[in-house]
Amino acid sequence: MQLRKELDLYASLVNCCNFPGLPTRHENVDIVVIRENTEGEYSGLEHEVVPGVVESLKVITKFCSERIAKYAFEYAYLNNRKKVTAVHKANIMKLADGLFLESCREVATKYPSIKYNEIIVDNCCMQLVSKPEQFDVMVTPNLYGNLVANTAAGIAGGTGVMPGGNVGAEYAVFEQGASAGNVGKEKIVDQKTANPVALLLSSAMMLRHLQFPSFADRLESAVKRVISEGQCRTKDLGGQSTTQEVVDAVIAKLD
Amino acid sequence: MARRSIPLLRQLWTLPSFNLTPTRSVTYMPRPGDGAPRAVTLIPGDGIGPLVTGAVEQVMEAMHAPLYFERYEVHGDMERVPEEVIQSIKKNKVCLKGGLATPMGGGVSSLNVQLRRELDLYASLVNCFNLPGLPTRHQDVDIVVIRENTEGEYSGLEHEVVPGVVESLKLITKFCSERIAKYAFEYAYLNNRKKVTAVHKANIMKLADGLFLESCREVSTKYPGIKYNEIIVDNCCMQLVSKPEQFDVMVTPNLYGNLIANTAAGIAGGTGVMPGGNVGADHAVFEQGASAGNVGNVNLVEQKKANPVALLLSSAMMLRHLQFPSFADRLETAVEQVISDGKYRTKDLGGTSTTQEVIDAVIAALD
């Protein structure tokens, strides 16, 4: 969190998609969750008013809402995505999420070819688990984005396989897509059965960011081939391999 | 008579355990006069509200249930809930309501939230479970989400500091956290549930959710027979969609509870079928389990295709609350049979029936 604030990495991006060969309960999932990273509920501004009563501040500014909306639409435009959905709870938090929505609407008018709609966050959670194919790019404030990204990662195969990263105007940090704070249990570290796929795919995103597209393509095809063959999978995908075995399989598949 | 049974009511707040063959042997002995009709406040609400509350009225009549409804018109664009409605609920202690639409933006506060605050209905309960005959992507789901209803992120305290900067206050108090934790453990205890999970984000909001967790931990020490664990909310969302069978009772603050309840409702069959309600120390309001503010779109209202199942199951909960267990059992069995038969289903469950056809099927299935 501190890293994101210091480097002003204001957009967090998680790409959740179904992998061929990895069975999940939901098909046709291809969602990109773009989440505002610096303000909202995670401002870290809390204080104890009197013993037993705590106030926590959720700050929403036009400046931050505008730039995350601009990033989301620009992302959709550059990656040939058809629809951007804003996730909010403006019926209850009228001013705060209302400001967020206003900014999204303003930016939407500048991209007339991209469809824009809004959805209340509780309805969104339900739609995610019943009809995830309706979502394309989702732009959200900080807290909702955290939950929506994890839910989407879960339905598409788990947080062990989803790539993601944080980007700002000047810097980019690539990491596991969702649950970056989840560093696994001791058992996984001891037995070395952590799933390396998420970070491998994130590093493919990094290669593209550094403008090495052919390396990125080679890495991604190798990883996808390993997953679809299904022989080397770590525990969270239903297999028994260790991290090293998966790594070796990917290396073997590189051409 | 009714006033004497209120303390008893709180002890006997039970929820159905679903089995298709009704084998409950009636071992309770009613007091003379228990069959006298009880008054229940009815608020049809907006959108599909009148449709589904109409469904409940029809079914109650068909069953000759010992209650009568006092109707009050409340609409989401009113500024406040009318005083007479509040008085009626305070007198009857039980209310059944359809959804109230909440206008977005502007300064009008949600009437759903207002009602809960005035009557201090501090616990919101949603029971999400798989219904036999209704195919879903997840099996073995049986989750009860108990959500703090009065504070947290929905305090409604927002202000614009300078143009373009808005602050929204999230309030967590020990008092409210303690009583919702107590309610959750008491519920688990009375309904033979094995595990209570607290959902939080205390790694980021250390003071606020930390206070909530502290209260939960304190209460859990008083119930050594019930397992207690904690889970961070983003991990929880992911576990809900991959392994929902690990969750039993979940206790959460306001915002997380809203999202978790809707997610759980979605994986178990949709918000059209999950019963739920809001309860406080003195009153209880029964309504559709999740998405109480979602009153459907104009299409649904015109074609009369809203799903009445959620409100029918909530009214079965209400019948148990009023201590009419055999009526509750009959209603639930009839509804379950209609769903498992699969012939009369509204659009959200994959069928093409109208509301009225489902109601008629339920009435026909009553024995």
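Cut-offs and rules
Residues numbered from 1 in each chain as written. Chains lettered and ligands numbered in written order. Predicted model: local features only at pLDDT ≥ 70, side-chain atom pairs only at ≥ 80, totals over all residues. Heavy atoms only, no water. Helix = DSSP H or I, 4+ residues; strand = E, 2+ residues; numbered from the N terminus. Contact = heavy atoms within 4.5 Å. Areas by Shrake-Rupley, 256 points an atom, 1.4 Å probe, with all protein chains shown as cover. Pairing = 2+ DSSP bridges. Axes fitted to C-alpha atoms, helices over the stretch in contact; angles between N-to-C directions. Domains from an automatic or database assignment. Buried area = accessible area lost by both parts, 1.4 Å probe. Salt bridge = Lys/Arg side-chain N within 4 Å of Asp/Glu carboxyl O. Polar contact = N/O pair within 3.5 Å; in protein donor to acceptor, adjacent residues only side chain to side chain. Buried < 20%, exposed > 50% of the residue type's maximum accessible area, 1.4 Å probe, protein only. Parallel < 35°, antiparallel > 145°, perpendicular 65-115°, else oblique. Left-handed = near helix turned anticlockwise from the far one by under 90°. Nonpolar A, V, L, I, M, F, W, Y, C, P; charged D, E, K, R; others polar.

## Describing the overall build of chain B
Phase 1: Helices and strands together make up the secondary structure of chain B, namely 12 helices and 12 strands.
Phase 2: Taking the intrachain contacts of chain B between residues at least 6 apart in sequence as the baseline, contacts between residues at least 24 apart amount to 77%.
Phase 3: Accessible area of chain B: about 14700 Å², with a carbon and sulfur share of 53%.

## Re the sheet that holds strand β6 (residues 115-120) of chain A
Residue and element names in this part refer to chain A.
Phase 1: Read from one edge to the other, the open sheet built from seven strands follows the order β6-β5-β7-β2-β1-β8-β9, with strand pairing classed as mixed. Lying at the two open borders of the sheet, with one neighbouring strand each, are β6 and β9 (172-176). In this sheet, adjacent strand axes meet at a mean angle of 20 degrees when their direction is disregarded.
Phase 2: Here helix α5 (residues 142-156) sits on the sheet in contact with β1 (11-17), β2 (30-36), β5 (83-88) and β7 (137-140), set at roughly 160 degrees to β2.

## Regarding the domain arrangement of chain A
Residues and elements named next belong to chain A.
Phase 1: One can read the domain layout of chain A as domain 1 (1-180) and domain 2 (183-254).
Phase 2: Computed over C-alpha atoms only, the centres of domain 1 and domain 2 are separated by 25 Å.
Phase 3: Between domain 1 and domain 2, roughly 1400 Å² of surface is buried when both sides are summed, and carbon and sulfur atoms account for 75% of that area.
Phase 4: The interface formed by domain 1 and domain 2 includes zero salt bridges.
Phase 5: Viewed at the interface, domain 2 and domain 1 are joined by three residue pairs in polar contact (both at pLDDT 80 or more).
Phase 6: Only β8 (163-167) and β9 provide two or more residues apiece to the side of domain 1 that touches domain 2.
Phase 7: Among the elements that line the side of domain 1 that touches domain 2, the one with the most residues is β9, at four residues.

## With respect to the interface of chain B and chain A
Phase 1: Contact residues are listed per partner, giving 50 residues for chain B and 47 residues for chain A.
Phase 2: Of the roughly 4400 Å² buried between chain B and chain A, counting both surfaces, carbon and sulfur atoms make up 66%.
Phase 3: In this structure, the connection of chain B to chain A is made through zero salt bridges.
Phase 4: At the surface where chain B touches chain A, the tally comes to 21 residue pairs in polar contact (both at pLDDT 80 or more).
Phase 5: Broken down by secondary-structure element, the contributors of at least two residues to the side of chain B that touches chain A are β6 (158-162), β7 (165-173), α6 (208-221), α7 (233-242) and α8 (254-268) of chain B.
Phase 6: The leading source of residues in the side of chain B that touches chain A is β7(B), at nine residues.

## Here we look at unusual backbone geometry
Phase 1: Even without being a glycine, A:Asn80 presents a positive backbone phi close to 55 degrees.
Phase 2: Along the polypeptide, A:Asn80 turns up in the loop between α2 (62-78) and β5.
Phase 3: Of note in this structure, B:His64 is not a glycine but carries a positive phi near 55 degrees.
Phase 4: Counting through the fold element by element, B:His64 comes out in the loop between α2 (49-63) and β2 (67-71).
Phase 5: On the accessibility criterion, B:His64 (67% relative accessible area) is exposed.

## Observations regarding the packing of helix α10 (residues 309-321) of chain B against helix α11 (residues 325-341) of chain B
Residues and elements named next belong to chain B.
Phase 1: Packing of α10 against α11 leaves a shortest axis separation of 8 Å and a crossing angle of 160 degrees. Looking at the two axes, α10 sits roughly antiparallel to α11. Crossing of α10 over α11 shows left-handed handedness. Contacts from Val309, Leu312, Leu313, Ser315, Ala316, Leu319 and Arg320 of α10 reach α11 at Phe327, Ala328, Asp329, Leu331, Glu332, Val335 and Ile339.
Phase 2: A per-class count over the contact of α10 with α11 returns 10 nonpolar, one polar and three charged.

## Structural notes on the side chain of B:Arg193
Residues and elements named next belong to chain B.
Phase 1: Here Arg193 is to be found in the loop between α5 (174-190) and β8 (195-200).
Phase 2: Judged by its relative accessible area of 13%, Arg193 is buried.
Phase 3: For Arg193, the side chain forms a polar contact with the side chain of Asp142, separated by 3.4 Å.
Phase 4: In this view, Arg193 contacts Asn127, Asp142, Val144, Tyr187, Ala188, Ile226, Asp248 and Val249; residues no more than four positions away in its chain are not counted.

## Observations concerning the side chain of B:Glu70
Residue and element names in this part refer to chain B.
Phase 1: As for its placement among the helices and strands, Glu70 is situated in strand β2.
Phase 2: The exposure class assigned to Glu70 is buried, which follows from its relative accessible area of 18%.
Phase 3: At a separation of 3.3 Å, a polar atom in the side chain of Glu70 contacts the side chain of Lys91.
Phase 4: In terms of polar contacts, Glu70 uses its side chain to reach the side chain of Asn92, at 3.3 Å.
Phase 5: If sequence neighbours within four positions are ignored, Glu70 has contacts with Ala39, Val40, Thr41, Leu42, Ser88, Lys91 and Asn92.

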